[in-house]
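For reference, the chains in residue letters:
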Amino acid sequence: TSGAGSWKGLNFQYEKVRINADPSGVRSRRVDKLLQFFADEGCAMVEMTCEDHDYMAASTQFITHTVGRMLGTMKLKPTPINTQGYEALLNLIKNTNADSFDLYYGLFLYNQNATEELERLEKGFEAVKKSLFSKLHDIARAEMFPDGMEPPGPPLLPGEAWNEEVQKQSRNKAVRS
């Protein structure tokens, strides 16, 4: 969510560093005053380490922007039968593509966890595709070979043509075994 209109309800992550080095307490009071300003504006104040922020940001902001930008390349359009899920995707596209590419690139460039998240996203997509195609293969095989009927001969190796010569070689190997 963008803070263009209001900060109310937006998270404000912070870590207090190099504050206690000031024995007079001036730094601590200054930081407290700054943090109170954002709290008064309605921000949800979240104290965490920079490392925790970067790790979580890669999983939330970077992935959100990446998926939104990927979907944006698909040029999805509203339809008369939009579901709530599809509306959410259209809103994701609108929100993420309204931000500059430099902001998105910064999320990638300055967060060492972003590369790992891209790899996880890619692996997840491949796992989903594999599940879909595996099921499709099972259905097609059942339709092609009903009632448990099996195709003739041994399974083919990649690039192998099924012909008389292959059948003959398979029989010869079976006899030698």
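Criteria and thresholds
- Residues numbered from 1 in each chain as written.
- Predicted model: local features only at pLDDT ≥ 70, side-chain atom pairs only at ≥ 80, totals over all residues.
- Heavy atoms only, no water.
- Helix = DSSP H or I, 4+ residues; strand = E, 2+ residues; numbered from the N terminus.
- Buried < 20%, exposed > 50% of the residue type's maximum accessible area, 1.4 Å probe, protein only.
- Contact = heavy atoms within 4.5 Å.
- Patch = residues over 30% accessible without salt bridge, like charges linked within 9 Å, V, L, I, M, F, W, Y side chains within 5 Å.
- Areas by Shrake-Rupley, 256 points an atom, 1.4 Å probe, with all protein chains shown as cover.
- Salt bridge = Lys/Arg side-chain N within 4 Å of Asp/Glu carboxyl O.
- Lys, Arg positive; Asp, Glu negative; His and termini not counted.
- Charge placed at Lys NZ, Arg CZ, Asp CG, Glu CD.
- Phe/Tyr/Trp six-rings, centres within 6.5 Å; stacked < 30°, edge-to-face > 60°.

S.K.: Sorry, what's going on with the environment of valine 67 here?
M.R.: Following the sequence through the fold, valine 67 ends up in helix 2 (residues 50–73). Classification of valine 67 as partly exposed rests on a relative accessible area of 23%. The contact partners of valine 67, leaving out residues within four places of it in the chain, are Leu92 and Leu121.

S.K.: Would you take a moment to explain a negative patch on the surface for this structure?
M.R.: A cluster of acidic residues, Glu15, Glu47, Glu51 and Asp52, forms a negative patch on the protein surface. With respect to the element layout, aspartate 52 can be found in helix 2.

S.K.: Honestly, the packing of aromatic side chains in this entry has me stumped. Any pointers?
M.R.: Describing an aromatic ring pair means giving the distance of the ring centres and the angle of the ring planes. Within the structure shown, the criterion is met by 10 aromatic pairs. With 6.3 Å between their ring centres and 40° between their planes, tyrosine 105 and phenylalanine 108 make a pair best called tilted. Of this pair, tyrosine 105 and phenylalanine 108 both sit in helix 4 (residues 101–109), three residues apart, roughly one helical turn. The class for tyrosine 105 is partly exposed, based on a relative accessible area of 39%. Pairwise contacts between aromatic rings join Trp7, Phe12, Tyr14, Phe37 and Phe38 into one cluster.

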